[in-house]
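Per-entry structural report
Take a look at the letters that make up each chain.
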Amino acid sequence: MDRLPLPQALVDQARAFETGEAVPAEPRHAATVVLLREGHVGPEVYLLRRQTSMAFAGGMCVFPGGGVDPRDHDASVAWAGPSPAEWAERLACDESLARALVCAAVRETFEESGVLLAGPSDDSVVSDTTGDDWEADRVALETRELSMTDFLLRRGLVLRTDLLGAWAGWLTPIFEPRRYETWFFVAVLPEGQVTRDVSTEASSVHWTPAISAVESVEAREILMLPPTYLTCLDMAQHPTPAEVLAASAGRRVEMFTPAVVSSGEDFVLSMPERYRPLVAGR
């Protein structure tokens, strides 16, 4: 963000990668979901504050999400909504990866919030996931004892991929030791379901208006990585979660990698051009 100058040590580190003196880490594919619900001042977003001990983004407020499990590529997974081929077009990747990203988005949302974007049919969704049996399955998914395909089969459910929207793509800067190529999705909290503080990676969770999250970052009350801050700012431009989903309908993800750029006497991380007017208005 333009108002956050980078320390000189980080600038020097970035230059070492740009000149070939250092080799960037291989990024891992990941999916994150901006979970939304109606609020009094625009959409509310669900945020997890990561444990400060976490190697990546420790102490930061983030959306539910995580890395792709190899089993998320399983072509036999129960599926409803846009086809993997259609998702590949939206996510600008091949069909196998698109399937895995959508599966990871649904799986990680369930693992980290207890919210499940799946149902017993193409036009229904699970209404309650708070029972002990659901928690046992959630833990089994989280520990990788259970795959998403087997979980859905056991429950007689299908992925409701139509409940997701594609939003953006962010690739961690080359100078970071841990890098993720992350696809951002949006989804509305299904009727009847509730979020639960279940993630072992989070020290706290909360719902907050998207604009309040932006203001808390700007007041240095909470910490966010630039993609999360900018996405919250983006969400705040829409009056309702339904309008966020509608805006996602025609999107095709373009992966963006922040780079170190000069800003007057300081150096900052670059951002997609579409965010500049929003940031300038703050």
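Preceding this section is the structure that the text describes.
So, here's what we can say about the structure. (Residues numbered from 1 in each chain as written. Predicted model: local features only at pLDDT ≥ 70, side-chain atom pairs only at ≥ 80, totals over all residues. Heavy atoms only, no water.)

Examining the environment of Glu18
Within the element layout of this structure, Glu18 appears in helix H1 (residues 8–18). For Glu18 and Ala118, which are 100 residues apart along the polypeptide, the C-alpha to C-alpha distance reads 43 Å. (Helix = DSSP H or I, 4+ residues; strand = E, 2+ residues; numbered from the N terminus.)

Notes on the pairing of strand S13 (residues 266–269)
Note that strand S12 (residues 260–263) and S13 share 4 bridges and pair antiparallel. When the bridges of S13 are listed, Ser263 appears paired with Asp266. (Pairing = 2+ DSSP bridges.)

Comments concerning the sheet that holds strand S7 (residues 158–160)
With respect to topology, 3 strands assemble into an open sheet ordered S5-S7-S6, the strand pairing being mixed. The open sheet is flanked by strand S5 (79–80) and strand S6 (118–119), the only strands paired with a single partner. Alignment of S6 against S7, held across 2 bridges, turns out to be antiparallel. Directly across from Ala118, in S7, lies its bridge partner Leu159.

Focus: the packing of helix H6 (residues 210–218) against helix H7 (residues 226–235)
Where H6 meets H7, the closest approach of the two axes is 7 Å, and the angle between their N-to-C directions is 140°. Comparing the axis directions of H6 and H7 gives the class oblique. Seen along the crossing, H6 lies across H7 with a hand that is left-handed. Facing H6, whose interface residues are Ala210, Ala213, Val214, Val217 and Glu218, H7 presents Tyr229, Cys232, Leu233 and Met235. Residues belonging to the contact of H6 with H7 are distributed by class as follows: 8 nonpolar, no polar and 1 charged. (Axes fitted to C-alpha atoms, helices over the stretch in contact; angles between N-to-C directions. Parallel < 35°, antiparallel > 145°, perpendicular 65-115°, else oblique. Left-handed = near helix turned anticlockwise from the far one by under 90°. Contact = heavy atoms within 4.5 Å. Nonpolar A, V, L, I, M, F, W, Y, C, P; charged D, E, K, R; others polar.)

Some details on the side chain of Thr161
For Thr161, the location among the structural elements is in the loop between S7 and strand S8 (164–171). Polar contacts involving the side chain of Thr161 include one to the main-chain carbonyl oxygen of Pro82, which spans 3.4 Å. Setting aside anything within four residues of it in sequence, one finds Thr161 in contact with Trp79, Ala80, Gly81, Pro82, Trp87 and Val102. (Polar contact = N/O pair within 3.5 Å; in protein donor to acceptor, adjacent residues only side chain to side chain.)

Some remarks on the side chain of Glu111
Along the chain, the position of Glu111 falls in helix H3 (residues 95–113). Setting aside anything within four residues of it in sequence, one finds Glu111 in contact with Arg138, Leu141, Glu142, Arg144 and Val198.

Focus: the packing of helix H4 (residues 132–142) against helix H5 (residues 148–155)
The geometry of a pair of packed helices is captured by two quantities: the angle between their axes and the separation between those axes. For the pair H4 and H5, the least separation of the axes is 10 Å and the interaxial angle reads 160°. As far as their axial angle goes, H5 and H4 are roughly antiparallel. Here the hand of the crossing between H4 and H5 comes out right-handed. Where H4 abuts H5, its residues Asp133, Trp134, Asp137 and Leu141 lie against Met148, Phe151, Arg154 and Arg155. Of the residues in the contact of H4 with H5, the class split is 4 nonpolar, no polar and 4 charged.

A word on the pattern of salt bridges
Any two side chains of opposite charge can pair if their charged atoms end up close together. Tallied over the full model, the rule gives 19 salt bridges. Here Asp137 ties to Arg155 by a salt bridge, and the two come within 3.0 Å at their closest N and O atoms. Taken together, the positions of Asp137 in helix H4 and Arg155 in helix H5 put the pair 18 residues apart, joining distant regions of the chain. Using a relative accessible area of 24% as the deciding quantity, one classes Arg155 as partly exposed. In the salt-bridge network here, residues are joined through shared partners; they are Asp69, Arg71, Asp72, Arg107, Glu108, Glu111 and Arg144. (Salt bridge = Lys/Arg side-chain N within 4 Å of Asp/Glu carboxyl O. Buried < 20%, exposed > 50% of the residue type's maximum accessible area, 1.4 Å probe, protein only.)

A look at H6
Three or more residues of H6 are buried, namely Ala210, Ala213, Val214, Ser216 and Val217. Viewed end-on, H6 has its buried residues packed into an arc of 165°, placing them on one side of the element. Arg220 sits one or two residues past H6 and shows a positive phi near 60°. (Arc of directions from axis to C-beta.)

Thoughts on the environment of Asp137
A residue is classified by how much of its surface remains accessible, and Asp137, at 6% relative accessible area, is buried. Along the sequence, Asp137 and Arg154 sit 17 residues apart, while their C-alpha atoms lie 10.0 Å from each other. Other than its neighbours up to four places away in sequence, Asp137 contacts Leu146, Phe151, Arg154 and Arg155. Of the polar contacts made by the side chain of Asp137, one reaches the side chain of Arg154; its length is 2.9 Å.

A few points about unusual backbone geometry
Located in the positive-phi region is Arg144, a residue other than glycine, with phi close to 70°. Within the secondary structure, Arg144 is located in the loop between H4 and H5. On the basis of relative accessible area, Arg144 is assigned to the partly exposed category, the value being 30%. Despite not being glycine, Arg220 has its phi angle at roughly 60°, a positive value. Here Arg220 falls in the exposed class, since its relative accessible area comes to 61%.

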